[in-house]
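A look at the structure
This is what each chain is made of:
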Amino acid sequence: MTDHYLVLSAILFTIGAVGVLIRRNAIVVFMCVELMLNATNLAFVSFARMHGSLDGQIIAFFVMVVAAAEVVVGLAIIMTIFRSRKSSSVDDANLLKY
Amino acid sequence: MTTMNAALAAGEVVQHPHAATGVLSATWLLIALPLAGAAILLLGGRRTDKWGHLLGTAMSLGAFLVGALAFAAMLGQKGDDRTNLVHLFQYIPAGSLNVDMNLWIDPLSISFVLLITGVGSLIHIYSIGYMAHDPDRRRFFAYLNLFVAAMLLLVLADNYIGLYIGWEGVGLASYLLIGFWQYKPSAATAAKKAFIVNRVGDFGLSVAVMVMFATFGSLSFQNVFGHASEASHGTVTAIGLLLLLGACGKSAQLPLQSWLLDAMEGPTPVSALIHAATMVTAGVYLIVRSHVIFELSPDARLLVTIVGAATLLAGAIIGCAKDDIKKALAGSTMSQIGYMVLAAGLGRPGYVFAIAHLIAHGFFKAGLFLGAGSVMHAMNDDVNMRKYGGLRKYMPITFATFGLGYLAIIGFPGLSGWWTKDGIIDAAFEKGGTSGQILGWLALLGAGITAYYMSRVMFMTFFGEPRWDEDVHPHESPRVMTIPLILLAIGSIAGGAFLIAGDRFANFLAPVVGEPEAGHKLITPYTVIVFALMVVGVGLAYVQYLRRPIPRTAPAGNVATTFARRDLYGDALNESLFMRPGQWLTRLTVYFDNRGVDGLVNGLAAFIGGTSGRVRRVQTGFVRSYALSMFVGAALVVAALFLVRI
């Protein structure tokens, strides 16, 4: 029964990964990152249920906390870049290179 | 040969020094006074310009006074008690090497002290006049004082380390004074040449000192000479040969003679003091001082005599061809030191004559050089004798003193050179055997050539028609220059007779080099031959340089003249044998350094730089490409984990 959750988690993770790789809008990339994080959360919780232990559920909470912090910092960065470059494309923020 | 060795061994001289008392214990002042003079003048700088020359002269005279008092005190001692030791300080207390700095005051060293400070003081006085118009006169006197101090340390030290310090000190002073007019490239080069050639000799002396320490465990004269007979024959010969190498460098003997002629670039008083009277005779001192070692090694002694005989001829031949008055005298100096080295190599009868000739030579050659300086002064510093001539009327005192020095050096009967040089020639014949005959005849031949080239100098300078440049107005030098000339001329007249007549000097030196052999005849058949050769030499010079007019520019000359003019190709030999290969070696090393070492280092740096230049292109700045590489990497890691698991 829990196998289905794992399959769903894998599908969500793949969607998120593909989104990160192919989308240019920073907000969408960001949302895809969130999707990947939540896919792993789902996998953690499913494994916790499968093994009857609480470890996975606790780690899911940690992930949520970290994700929340990341959203704060990430959104602030995206806002700042947008203000200075009038664009939210990740390809336009390419000054830091060789 | 064997009988002579036996005689030497039987009469072995061992000096037993005792602590000095009275005036003799104050002999440290000998070195301290001129050293203080040099320090004050060098550190005081321009503030001392006004009285620097007076201080320098006073310090030298003060040292002479101390030396004279010490000499008087020594005369009051009995013969065997004349070896005094003044303890100064413990110099090197390092494990088994223990060097005490003591002064060794014995008849030999006191003779040198009197020569160095006496002639040195006269030359100091002369320099007051000679250098009067030089803006750097103070520096000149500082260096002269430094030289006197170093030379006194050389002859007074009781160990080979102290001697070596003095040896290097006089080398330094010689370098500084040859290059005194360092703005002249020729003077700067000559100074460097003298220093470098001397280094070859100093290498020999330093290795000799090391071998002595390894063999005897001590470097004091007392220990080295006391235990010399216990060392193996090979070791003693090695030490003797190394000492000879050192002596060759300092005394401009073949094959290290080339620096002396160039050293004439220095001011003339320097040529008189350092390159005629004192420093260049240090090699003779070294050999006579180390006579115990040479007496144990007939091979080393034979080489000493060969070097001496070869140099006395080479110097005389060079002297015949030089038109530069100072270089002619420099060739003569080489030749006369050759006589001394020859005598020192002959063993016991020779030591006394070597030192006596050294002292007599100190007087007449210093007089000749100072006379040459006086002439140069009158001729606007021109040294070319072809532009001299007829000066005897204009410079009577210089002419008279130079003439007396000239008569002394050619061995005119009764004057200094006659007493001492004939003694050396006799000693060479007395050596016996084929070698004695050869050495004796070579020395005789040298005496004849000496008469020829000195007459040439004399005739070209003071006789004949004037051949001066137009703006030259010859005049006699001031009294401060002529008085030293007169005093040196007196020494040239009387020195030899004073030393040799009645074996006075031989008895004085007996505690150092052994009792003189009785029955030294003053007049021998060789004396007559020497006189005849001298007359021939003078006559030849008379025909060539007085009867015939002298061209103002040197004629081309034949092969022999060119040979002598070019210093017997000594420089050419050094150049082709040492300088050129040295240059090639340097160039090879530079090439290897540039191409090999630098190539490797620079190549490696260029490779890393180029590689990193290409690799950094990966940093494109596109975030998504980084993300892709992260995903691919993560996927690879996961795949690898799966593979391992299965």
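Everything quoted here is computed from the prediction, not taken from an experiment. Note on numbering: residues in each chain are counted from 1, in written sequence order. All chains are assigned letters beginning with A, and all ligands numbers beginning with 1, in the order in which they are written. It should be noted that, the model being predicted, local features are given only for residues of pLDDT at least 70 and side-chain atom pairs only at 80 or more, the latter also being counted only at that level, while totals for whole chains, interfaces and linings use all residues. Note that water and hydrogens are dropped before the side-chain values are worked out from all heavy atoms of the structure.

1. Remarks on the overall build of chain A
A count of helices and strands for chain A gives three helices and zero strands. In sequence order, the secondary structure elements of chain A are arranged as α-α-α. Against the 2.2 N^0.38 benchmark of 13 Å for 98 residues, chain A shows a C-alpha radius of gyration of 16 Å, more extended than a compact globule. The rule is simple: take the accessible area with a 1.4 Å probe, protein chains only, and divide by the maximum for that residue type; under 20% is buried, over 50% is exposed, in between is partly exposed. With 98 residues in all, chain A has 29% of them scored as buried. Residue contacts are counted whenever heavy atoms from the two residues lie within 4.5 Å of one another. Across chain A, every contact between residues at least 6 apart in sequence was considered, and the portion connecting residues at least 24 apart equals 58%. As displayed, chain A has an accessible area near 6600 Å², and 73% of this comes from carbon and sulfur atoms. Across chain A, 7 positive and 6 negative side-chain charges occur, with their mean positions spaced 14 Å apart. Secondary structure follows DSSP: runs of H or I at least 4 residues long count as helices, runs of E at least 2 residues long count as strands, and numbering of each begins at the N terminus. Our radius of gyration looks at C-alpha atoms and nothing else; its globule reference is 2.2 Å times the residue count to the power 0.38. Surface accessibility follows the Shrake-Rupley procedure with a 1.4 Å probe radius. Residue values consider only the protein chains on display as shielding. Just so you know, the count uses Lys and Arg for positive and Asp and Glu for negative, and it drops His and the chain ends. Here the site of a charge means atom NZ of a Lys, CZ of an Arg, CG of an Asp or CD of a Glu.

2. Describing the interface of chain A and chain B
Each side of the interface is counted separately: chain A has 14 residues, and chain B has twelve residues. Here chain A packs against chain B, burying approximately 1100 Å² in sum over the two surfaces, 63% of which is carbon and sulfur. Accessible-area loss on putting two parts together, using a 1.4 Å probe and summing over both, is the definition of buried area adopted here. Of all residues in chain A, A:L21, A:D91 and A:Y98 give up the largest surface area on contact with chain B, accounting jointly for 53% of the area buried on that side. Salt bridge, as used here: a side-chain nitrogen of Lys or Arg that lies within 4 Å of a carboxyl oxygen of Asp or Glu. The tally of links between chain A and chain B comes to one salt bridge. Close ionic contact of B:R624 with A:D91 constitutes a salt bridge, the shortest N to O distance being 2.7 Å. The definition of a polar contact used here is a pair of N or O atoms within 3.5 Å, where within protein one atom must be able to donate a hydrogen and the other to accept one, and adjacent residues in sequence count solely through side-chain atom pairs. Where chain A touches chain B, the interface holds three residue pairs in polar contact (both at pLDDT 80 or more). The greatest single-element share of the side of chain A that touches chain B, amounting to four residues, is contributed by helix α1 (residues 2-22) of chain A.

3. Structural notes on unusual backbone geometry
Leave glycine aside and you will find that most residues have negative phi; peptide bonds, for their part, are mostly trans. All names here are of chain B. Residue P255 is reached from L254 by a cis peptide bond, and omega for that bond is 0°. Even without glycine at this site, A252 takes up a positive phi of about 55°. As for its position among the elements, A252 is in the loop between α9 (233-250) and α10 (258-262).

4. Section: the side chain of B:D106
All names here are of chain B. Inspection of the secondary structure puts D106 in the loop between β3 (97-105) and α4 (107-130). With relative accessibility at 0%, the residue D106 sits in the buried group. A distance of 3.1 Å separates a polar atom in the side chain of D106 from a polar atom in the side chain of W104. Ignoring sequence-local partners within four residues, the contact set of D106 consists of Q15, M74, R82, T83, R289 and V512.

5. Let's talk about the pairing of β3(B)
Two faces make up the sheet, and in a regular strand the side chains alternate between them. Sheet topology note: the strand β2 (residues 84-94) of chain B/β3(B) ladder contains nine bridges and is antiparallel. Bridge assignment links B:Q90 to a residue of β3(B), and that residue is B:D100. Paired strands, in this sense, are two strands between which DSSP finds at least two bridges.

6. Some remarks on the sheet that holds strand β1 (residues 18-19) of chain B
Each strand in a sheet pairs with its neighbour through backbone hydrogen bonds, running either in the same direction (parallel) or in the opposite one (antiparallel). Overall, mixed pairing links the three strands, which are arranged β1-β2-β3 (chain B) in an open sheet. Every interior strand has two partners, whereas the edge strands, β1 and β3 of chain B, have only one.

7. With respect to the pattern of salt bridges
Scanning the entire structure with this criterion turns up 15 salt bridges over all chains. Ionic pairing is found between B:K184 and B:E265, a salt bridge with its closest N-O pair at 3.6 Å. Taken together, the residues span a long stretch of sequence, with B:K184 in the loop between α6 (160-178) and α7 (185-216) and B:E265 in the loop between α10 and α11 (268-277) at a distance of 81 residues. In this structure B:K184 comes out as partly exposed when scored by relative accessible area, which is 29%. The network of salt bridges with shared partners includes A:R24, A:D91 and B:R624.

8. With respect to the nonpolar core
The criterion is simple. A nonpolar core is a set of buried Ala, Val, Leu, Ile, Met, Phe, Trp, Tyr and Cys residues joined through side-chain atoms within 4.5 Å. Among the nonpolar cores identified, the biggest contains 191 residues, and B:Y160, B:L243 and B:I355 are the most heavily contacted of them. B:L243 has contacts with B:Y160, B:L205, B:A208, B:M212, B:L286, B:S290, B:I293 and B:F294, leaving out every residue within four places of it along the chain. The next biggest cluster of nonpolar side chains, apart from the first, holds seven residues, and it includes A:A17, A:V20, A:V28 and A:M36.

9. Regarding a nonpolar patch on the surface
Taken together, the side chains of B:W28, B:L88, B:F89, B:Y91 and B:I165 make up a nonpolar region of the molecular surface, amounting to roughly 450 Å² of accessible area. In terms of residue count, the dominant contributor to the nonpolar patch is β2(B) (three residues). To count toward a patch, a residue needs a relative accessible area over 30% and no salt bridge; like charges are then connected within 9 Å, while nonpolar side chains (Val, Leu, Ile, Met, Phe, Trp, Tyr) are connected within 5 Å.

10. With respect to the packing of aromatic side chains
Residues and elements named next belong to chain B. Each pair of aromatic rings taken from Phe, Tyr and Trp, with Trp reduced to its six-membered ring, is defined by centres within 6.5 Å and is described as stacked if the planes are under 30 degrees apart, edge-to-face if over 60, and tilted in the remaining cases. All told, the structure shown has 24 aromatic pairs over all chains when counted by the stated rule. For the pair F429 and Y526, a centre-to-centre distance of 3.7 Å together with 5° between the ring planes defines the contact as stacked. Placement of the pair is F429 in helix α18 (residues 416-430) and Y526 in helix α22 (residues 525-547), with a sequence separation of 97 residues. Relative accessible area serves as the criterion here: at 23%, Y526 is assigned to the partly exposed category. One aromatic cluster is present, formed by F399, F402, F459, F462, F463 and Y542 through successive ring pairs. In our convention, an over-ring charge means Lys NZ or Arg CZ found within 6 Å of a ring centre and within 35 degrees of that ring's normal. Across the ring face of F195, the terminal group of R199 is positioned such that the distance to the ring centre comes to 4.6 Å. When the ring centre of F498 is taken as origin, the NZ or CZ atom of R504, which lies over that ring, is 4.7 Å away.

11. With respect to the packing of α18(B) against α22(B)
Residues and elements named next belong to chain B. Comment: axis = line fitted to C-alpha atoms, over the contacting stretch for helices; angle = value between 0 and 180 degrees taken between N-to-C directions. The contact between α18 and α22 brings their axes to 10 Å, and the two run at 120°. Considered as vectors, α18 and α22 are oriented oblique to each other. In this structure, α18 meets α22 at a crossing whose hand is right-handed. Two secondary-structure elements touch here, α18 through W418, D422, I425, D426 and F429 and α22 through Y526, T527 and V530. Classification convention: Asp, Glu, Lys, Arg as charged; Ala, Val, Leu, Ile, Met, Phe, Trp, Tyr, Cys, Pro as nonpolar; all other residues, Gly among them, as polar. Split by residue class, the contact of α18 with α22 holds five nonpolar, one polar and two charged. Our angle categories are set so that under 35 degrees counts as roughly parallel, over 145 as roughly antiparallel, 65 to 115 as roughly perpendicular, and the remainder as oblique. Helix crossings are classified by the rotation of the near helix relative to the far one: an anticlockwise turn of less than a right angle makes the crossing left-handed, while a clockwise turn makes it right-handed.

12. Some thoughts on the pairing of β2(B)
All names here are of chain B. Two strands pair when backbone bridges link them, and β1 and β2 are joined in this way by two bridges, in the parallel orientation. Bridging from a neighbouring strand, A19 pairs with L85 of β2. Following β2, the chain reverses through two residues before pairing antiparallel with β3; G95 in that reversal takes a positive phi of roughly 60°.

13. Remarks on the side chain of B:H53
All names here are of chain B. Within the secondary structure, H53 sits in helix α3 (residues 52-75). We classify H53 as buried; its relative accessible area is 9%. If near-sequence neighbours (up to four positions away) are discounted, H53 is found in contact with I128, R137 and F141.

14. Regarding the environment of B:G495
Residues and elements named next belong to chain B. When you line up the elements, G495 lands in helix α20 (residues 479-500). The exposure class assigned to G495 is buried, which follows from its relative accessible area of 18%. Here the alpha-carbon distance between G495 and I359, two residues 136 residues apart in the chain, equals 7.9 Å. In contact with G495, not counting residues within four places along its chain, are S416 and I490.

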